[in-house]
Amino acid sequence: MTINRIPSSAQGRSDAVSCNGTAYLVAYDPAAAPGITQQTLNCLRFFDEMLAQVGSSKDKLLQVTVFLGDMSMKADMDKVWCDWIGPAENWPQRACVGADLGDDVTLIEITAIALQEGAPNTAR
């Protein structure tokens, strides 16, 4: 069994880890742009990059957790998310929770589990 890791720029963690056809990812806005709309856009661009690096894509997402520094921003984040995720065939199981993200600039962080290309998908 081989575990593949994509190291993060932050010490002690990886942005993605994959093994046996499953990828585990984290995304955030590397630029820490002002506002939840721009941070969500940047976060999802980063997420697309990580998915591609592990041989996956948003239509292979199984589970997603969105962490927001302020839950009053959820509606604005959801607008960006819904435009990005696309049709119902792409919708993963998703939860959104309020969390202390550790600083005053990070508004959103996303973790996910996704299938990799070529992994068996028997979803109906």
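The structure we're discussing is the one just above.
Presented here is a report on the structure given in the accompanying data block.

Parameters and conventions
- Per chain, residues are indexed from 1 in the order of the written sequence.
- Local features in this predicted model are restricted to residues of pLDDT 70 or higher, and side-chain atom pairs are both shown and tallied only at a pLDDT of 80 or more, whereas totals for entire chains, interfaces and linings draw on every residue.
- Side-chain numbers here rest on the full set of heavy atoms in the structure, without hydrogens or water.
- Two rings from Phe, Tyr or Trp (for Trp, the six-membered ring) form a pair when their centres are within 6.5 Å of each other. A pair whose planes differ by under 30 degrees is stacked, one over 60 is edge-to-face, and the rest are tilted.
- Secondary structure elements are taken from DSSP: a helix is a run of H or I of four residues or more, a strand is a run of E of two residues or more, and numbering for both begins at the N terminus.
- Buried, partly exposed and exposed residues are distinguished by accessible area as a fraction of the type maximum, computed with a 1.4 Å probe on protein chains only: under 20%, between the cut-offs, and over 50%, respectively.
- A ring is considered to have a charge above it if a Lys NZ or an Arg CZ atom is located within 6 Å of its centre and within 35 degrees of its normal.
- For a helix, the expected span equals 1.5 Å multiplied by the residue count minus one.
- Any two residues whose heavy atoms approach within 4.5 Å are treated as being in contact.
- A side-chain nitrogen of Lys or Arg and a carboxyl oxygen of Asp or Glu constitute a salt bridge if their distance falls within 4 Å.
- One requirement defines pairing of two strands: DSSP has to find at least two bridges between them.
- Lines fitted to C-alpha atoms define the axes, with helix axes restricted to the stretch in contact, and inter-axis angles between N-to-C directions lie between 0 and 180 degrees.

1. Some thoughts on the packing of aromatic side chains
Summed over the entire model, instances satisfying the criterion amount to three aromatic pairs. Ring geometry for Phe47 versus Trp84: centroids 5.8 Å apart, planes at 40 degrees, classification tilted. One end of the pair, Phe47, is in helix 1 (residues 36–53); the other, Trp84, is in helix 2 (residues 74–85), and 37 residues separate them in sequence. Side by side, Phe47 and Trp84 carry an identical accessibility label, which is buried. In this structure, Arg13 packs its charged tip against the face of Tyr28, placed 5.6 Å from the ring centre.

2. A closer look at helix 2
Its 12 residues place the ends of helix 2 16 Å apart at the C-alpha level, agreeing with the 16 Å of an ideal helix rising 1.5 Å per residue. With its phi angle positive at about 80 degrees, Gly86 sits one or two positions after the end of helix 2.

3. Some thoughts on the side chain of Thr65
Mapped onto the elements of the fold, Thr65 is located in strand 4 (residues 61–68). If we skip the residues at most four places from it in the chain, Thr65 touches Ala95, Val97, Glu109, Ile110 and Thr111.

4. As for the pattern of salt bridges
Under the criterion given, the structure shown has three salt bridges. The salt bridge involving Asp78 is made with Lys74; its shortest N-O contact spans 2.8 Å. Highlighted residues: Asp78 and Lys74, both in helix 2, separated by four residues, approximately one helical turn. For Asp78, a relative accessible area of 19% translates into the label buried. Residue Lys74 is classed as partly exposed on the basis of its relative accessible area, which comes to 28%. When the shortest N-O distance is used, the salt bridge between Lys79 and Asp76 registers 4.0 Å. With Lys79 and Asp76 both in helix 2 and three residues apart, this pair spans about one turn of that helix. With relative accessibility at 55%, the residue Lys79 sits in the exposed group. Three or more residues are tied together by salt bridges with common partners; here these are Lys74, Asp78 and Arg94.

5. Some remarks on the sheet that holds strand 3 (residues 22–28)
The strand order across the open sheet built from six strands is 1-2-3-6-4-5, with neighbouring strands paired in mixed fashion. Because the sheet does not close on itself, it has two edges, and the strands there are strand 1 (4–7) and strand 5 (93–98). For this sheet, the mean inter-axis angle between neighbouring strands, taken without regard to orientation, is 10 degrees. Judged from the four bridges that link them, strand 1 and strand 2 (residues 14–19) form a sheet pairing that is antiparallel. Residue Ile6 lies in a different strand from strand 2, and its bridge partner there is Ala16. Sheet strands touched by helix 1: strand 1, strand 2, strand 3, strand 4 and strand 6 (108–115). Its angle to strand 3, the strand with the most contacts, is close to 150 degrees.

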